[in-house]
Amino acid sequence: MARLLDVTGFATYSAGLLVSSSFGMLACLGLHNVLQRELPVMLVRRRERAGAVLMTQCVLAAMACAACGLVAAVAGLSLAGLSPGLLSIGLIHGLSQQLFLSVTVESRSRGDPLRFARQNLTRAVLVLPIGITAAAGLHSAGAALLSEAAISLALAALVLRRHLSAVRISLTTTMQLAGRRLPQVKWRSALTLLAATSLSFLLINADRWIAAQWLQPSAFAQYAFAWTILMMAQAIQVVANASLFPLVARRSASVGAIAAFRIGALASLGLLGAGAALAWPLWWLLASTIDLWFPAYADARSLLPMLIVVALFRVSDFWTTCLIVFGRELRLLTVQGAAALCGGAIWWILQPSGRATELTSIAVLALVLASTGYAATALAAWLSVLNTDRVWRKTN
């Protein structure tokens, strides 16, 4: 997109993606995390229809959130420098991503990562050429985002239909049951997870929102271009966690918290170490690529070292997974809140007066928030596993 759109167009495209990912922060009002945690157990216990109803409740919650956002956009709300129309497209894009992520929880919960990989690959194969065609032919960031959203929505509908057919329950029946059972949802747990997800999003995206709100479009485009590293890191982490989450949940239920924690710790520390070893070659490759192919984004080059370190923390964070599996939502919320406050305070103290919204200073914010959040959740997961394992041993 940076090659196909001009700098201002790429800034608009990046702002649309920011709105899209921000919508994902809602996680179906926390129900998506509940679905991730409970569906593997439901499938083991052959409660297939109950799992389908919970998945449909996620779909309904996501659609309700999108409807509220669209009403606000139509009323004139403007965020990240986007017009109401482009803001609406960003919301629809976010809805499409959330729905696809929710309906594919089933393949992951069955311990079938290859099917999930095929689902993702299918979407990528379709989105890539259609998005490129829209951007190149119409020179429009909005058209590119809308075409991507249409593909994801169609695939999400297809995956959901196939799942309901396999469970032998109609969409109409599932919708009725989902609506009727909404009051029975574990809303306290879901809303606690929603709060934790929101704080996690703050730790991950505060720098990008500051850049979108305060920088000129050309400067935000530079930051967004460098931020592509973090988008790739988060995408890798999501795909890895999609397989790891059900594995940790099953291991915790069958063997105990210690064994489950070992899986999460090995994944976290292993990816962190491997990423650290590849950091310098990656910096050289990216810097050379900017020099050769993207001279309009030369200012992004200076941000690469800090954002690569941030990417290492992001891609290797599976401590949060352990805390959710162990049922420590409130602890996760507390820890992430404390990390956000401490990280923000440290960053503010470090900034010279009047330079808080410069490119480098915003990258420093991302680095501070990522390091404090990673350290805090790792410590909380380690302390939680000790207590959880004691409880598991008593009940088993």
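Just so you know, these numbers come straight off a predicted model, no measurement behind them. (Residues numbered from 1 in each chain as written. Predicted model: local features only at pLDDT ≥ 70, side-chain atom pairs only at ≥ 80, totals over all residues. Heavy atoms only, no water.)

Caption draft 1: Structural detail: the overall build of the protein chain. Helix and strand counts for the protein chain stand at 15 helices and zero strands. Taken along the three principal axes of its C-alpha coordinates, the protein chain extends 60 × 45 × 35 Å. Burial status across the protein chain gives 52% buried among its 396 residues. Here the protein chain has roughly 18,100 Å² of accessible surface; of this, 68% comes from carbon and sulfur atoms. (Helix = DSSP H or I, 4+ residues; strand = E, 2+ residues; numbered from the N terminus. Buried < 20%, exposed > 50% of the residue type's maximum accessible area, 1.4 Å probe, protein only. Areas by Shrake-Rupley, 256 points an atom, 1.4 Å probe, with all protein chains shown as cover.)

Caption draft 2: Broad picture of empty space enclosed by the protein. One pass over the full model with this rule turns up one cavity of 30 Å³ or more. Each pocket or cavity is described by its volume, and for the largest cavity that value is around 30 Å³. Among the secondary structure elements, those contributing two or more residues to the lining of the largest cavity are helix H5 (105-109) and helix H10 (217-254). Here the residues of the lining of the largest cavity sort into four nonpolar, two polar and one charged. (1 Å grid on protein atoms, 1.4 Å probe; cavity = no way out; pocket = protein on both sides within 12 Å on 5 of 7 lines; lining within 4 Å. Points joined across faces, edges and corners; volume = space filled by probe spheres on them. Nonpolar A, V, L, I, M, F, W, Y, C, P; charged D, E, K, R; others polar.)

Caption draft 3: Broad picture of the pattern of salt bridges. The full count for this structure, using the stated rule, is four salt bridges. Across the pair Arg110 and Glu106 runs a salt bridge, and its minimum N-O distance is 2.3 Å. Among the ionic pairs, Arg115 bridges to Glu106, the shortest N-O distance being 3.0 Å. Each member of the salt-bridge network shares a partner with another, and the members are Glu48, Glu106, Arg110 and Arg115. (Salt bridge = Lys/Arg side-chain N within 4 Å of Asp/Glu carboxyl O.)

Caption draft 4: Quick peek at the packing of helix H1 (residues 7-24) against H10. Where H1 contacts H10, the axes come no closer than 8 Å and their chain directions differ by 55°. Here H10 runs oblique to H1, going by the angle between their axes. In terms of crossing hand, the pair formed by H1 and H10 is left-handed. Judged by residue contacts, Val7, Phe10, Ala11, Ser14, Ala15 and Leu17 of H1 engage Pro217, Ser218, Phe220, Ala221, Ala224, Phe225 and Met231 from H10. Residues that form the contact of H1 with H10 fall into these classes: eleven nonpolar, two polar and no charged. (Axes fitted to C-alpha atoms, helices over the stretch in contact; angles between N-to-C directions. Parallel < 35°, antiparallel > 145°, perpendicular 65-115°, else oblique. Left-handed = near helix turned anticlockwise from the far one by under 90°. Contact = heavy atoms within 4.5 Å.)

Caption draft 5: Looking closely at the state of the cysteines. One pass over the structure, following the stated rule, counts zero disulfides. With no disulfide partner, Cys28 has as its closest neighbouring cysteine sulfur the one in Cys58, 4.6 Å distant. For Cys28, a relative accessible area of 2% gives the class buried. (Disulfide = S-S within 2.5 Å.)

Caption draft 6: Layout of the environment of Thr360. One can find Thr360 in helix H15 (residues 359-395). Accessibility expressed as a relative area gives 39% for Thr360, which makes it partly exposed. Separated by 280 residues in the primary sequence, Thr360 and Ala80 have C-alpha atoms spaced 19 Å apart. The residues contacting Thr360, other than those within four sequence positions of it, are Leu303 and Met306.

Caption draft 7: Region of interest: the nonpolar core. Ranked by internal contacts, the top residues of the largest apolar core, which has 118 residues, are Phe220, Tyr223, Phe225, Phe261, Leu307 and Phe326. Beyond its immediate sequence surroundings of up to four residues, Leu307 is in contact with Tyr223, Ala226, Trp227, Ile229, Leu230, Ala363 and Ala366. In terms of nonpolar packing, the next biggest core, distinct from the first, is built from eight residues, Tyr13, Leu17, Ala144 and Leu145 among them. (Core = buried A, V, L, I, M, F, W, Y, C linked by side-chain atoms within 4.5 Å.)

Caption draft 8: Molecular detail of the side chain of Thr372. Mapped onto the fold, Thr372 is located in helix H15. Given a relative accessible area of 19%, Thr372 falls into the buried group. Ignoring any residue separated from it by four or fewer positions in sequence, one finds Thr372 in contact with Ala339, Gly343 and Ile346.

Caption draft 9: Here's a closer look at helix H2 (residues 31-44). Its 14 residues place the ends of H2 20 Å apart at the C-alpha level, agreeing with the 20 Å of an ideal helix rising 1.5 Å per residue. Where burial is concerned, most of H2 is hidden: twelve out of the 14 residues are buried. Buried within H2 we find Leu31, His32, Asn33, Val34, Leu35, Gln36, Arg37, Glu38, Leu39, Pro40, Met42 and Leu43. With its phi angle positive at about 60°, Arg46 sits one or two positions after the end of H2. (Expected span 1.5 Å × (residues − 1).)

Caption draft 10: Structural detail: the side chain of Glu38. In this fold, Glu38 is placed in helix H2. The exposure class assigned to Glu38 is buried, which follows from its relative accessible area of 17%. Ignoring anything within four residues of it in the chain, the contact list for Glu38 reads Leu54 and Lys186.

Caption draft 11: Focus on the environment of Ile324. In this fold, Ile324 is placed in helix H13 (residues 319-325). The class of Ile324 is buried, set by a relative accessible area of 8%. It is 19 Å that separates the C-alpha atoms of Ile324 and Ala370, two residues lying 46 residues apart in sequence.

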